[in-house]
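Each chain, written out:
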Amino acid sequence: MKKLINSVDGVVTDALAGMAAAHPDSLRVDEAQHIIYRATPKDMGKVAIVSGGGSGHEPLHGGFVGTGMLDAACAGEIFTSPVPDQVSAATAAVDRGAGVLHIVKNYTGDVMNFDMAAELVAAESGIEVATVVTADDVAVEDSLYTAGRRGVGVTVIVEKIAGAAAEEGRTLAEVAAVAKRTSEAGRSMGVALTSCTVPANGKPSFDLPDDEIEIGIGIHGEPGRRREKIASASEIAARLTAPILEELPAGDGHGVIAFLNGMGASPLLELYLMYGEVARILKDTGIKVERSLVGNYITSLDMAGCSLTLVRADEEMLRLWDAPVNTPGLRWGV
């Protein structure tokens, strides 16, 4: 194993210290509790948003803390859910008197621990908490980590759109409603060219021969729908796009937000190439791409591969997507 680390046990803490050093004016990092906060809280009377999950998916979630997205993110150990005490501490710290929205990927530990945290906060401080769970992966119905579908790429889009709604001063119910609508409008599918290597394990999480790919892989290395021989980018794009389009909600005259996400090790050269293939398929299918995003945003350590997320976007979603955002991982309009 070759990793730029000091020790296996200190990977997350050391990375958070580096994040704090890199963004001293915009982020405040609680290294003891592994929580990333905005350096300057938003105005009183606005809804706050908290998300989080296992580390190893950077920039998700800590890289999306800032104006227009999250108020705090809780970092678990590598591929491990944050604990209830982390989430409750973050929730209590960021509340600005209008309640807090939790955005949670559909993994059993994440859902359970965020639920427990919401109960703790309600009992101890009376802060109102709403929860939206993302479950957009069409690859499998259940996995090693979930009951139901996995929450993957749509999480980034939900965090952006909900964050913009909160910045506008909307109520907790209104912010939760647009987040839920966005989540339900999204579908995702991924492919792995290689496994990832968890530092604590010191070896690849699964064996994938050089001439094979895994279609429908999860972001923790969970198995997908099937294993196939390596194919051209155009063929892989078709295999990702087809099952998404089968389930994509009907449109109301608008097209989609198309998100081609890297899993960590595939270069942008390949990601843009893949996006071009996806864009061609969507054009041939008659689906308009309203907005696009290409790059590494929800990764799986050093896994090579990509995922595709399509969100059937209405006018309100597009307006909130376009709203200013200023975070380490996503920035425009400022």
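Higher on the page you've got the structure.
Report follows, based on the coordinates.

All right, on to the nonpolar core then. Ile36, Ile49, Phe64, Leu101, Ile161, Val175 and Ile257 are the most contacted members of the largest nonpolar core, which has 62 residues in total. At nine residues, helix 4 (residues 154–167) tops the list of elements feeding residues into this core.

Looking now at the packing of helix 6 (residues 233–247) against helix 7 (residues 268–285). For the pair helix 6 and helix 7, interaxial distance at closest approach is 9 Å and the crossing angle is 50 degrees. On the basis of the axis angle, helix 6 is oblique to helix 7. Handedness of the helix 6/helix 7 crossing: right-handed. Packed against helix 6, whose contacting residues are Ala233, Ser234, Ile236, Ala237, Ala238, Leu240, Thr241 and Leu245, the element helix 7 presents Leu273, Met274, Glu277, Val278, Arg280, Ile281, Leu282 and Thr285 at the interface. Considered class by class, the residues forming the contact of helix 6 with helix 7 number 11 nonpolar, three polar and two charged.

Let us now look at the pattern of salt bridges. In total, this model carries 23 salt bridges according to the counting rule given. As a salt-bridge pair, Arg38 and Asp71 come within 3.5 Å of each other at their nearest N and O atoms. Of the two residues, Arg38 is situated in strand 2 (residues 35–38) and Asp71 in the loop between strand 3 (48–55) and strand 4 (72–78); the sequence distance between them amounts to 33 residues. When sorted by exposure, Arg38 lands in the same class as Asp71, which is buried. Across the pair Lys105 and Asp110 runs a salt bridge whose closest N-O atoms are separated by 3.9 Å. Comparing Lys105 with Asp110, the two get one shared label, buried. Here the salt bridges do not stand alone but share partners, grouping Glu168, Arg170, Arg181, Asp314, Glu316 and Arg319 into one network.

Conventions adopted
- Residues numbered from 1 in each chain as written.
- Predicted model: local features only at pLDDT ≥ 70, side-chain atom pairs only at ≥ 80, totals over all residues.
- Heavy atoms only, no water.
- Core = buried A, V, L, I, M, F, W, Y, C linked by side-chain atoms within 4.5 Å.
- Buried < 20%, exposed > 50% of the residue type's maximum accessible area, 1.4 Å probe, protein only.
- Helix = DSSP H or I, 4+ residues; strand = E, 2+ residues; numbered from the N terminus.
- Axes fitted to C-alpha atoms, helices over the stretch in contact; angles between N-to-C directions.
- Parallel < 35°, antiparallel > 145°, perpendicular 65-115°, else oblique.
- Left-handed = near helix turned anticlockwise from the far one by under 90°.
- Contact = heavy atoms within 4.5 Å.
- Nonpolar A, V, L, I, M, F, W, Y, C, P; charged D, E, K, R; others polar.
- Salt bridge = Lys/Arg side-chain N within 4 Å of Asp/Glu carboxyl O.

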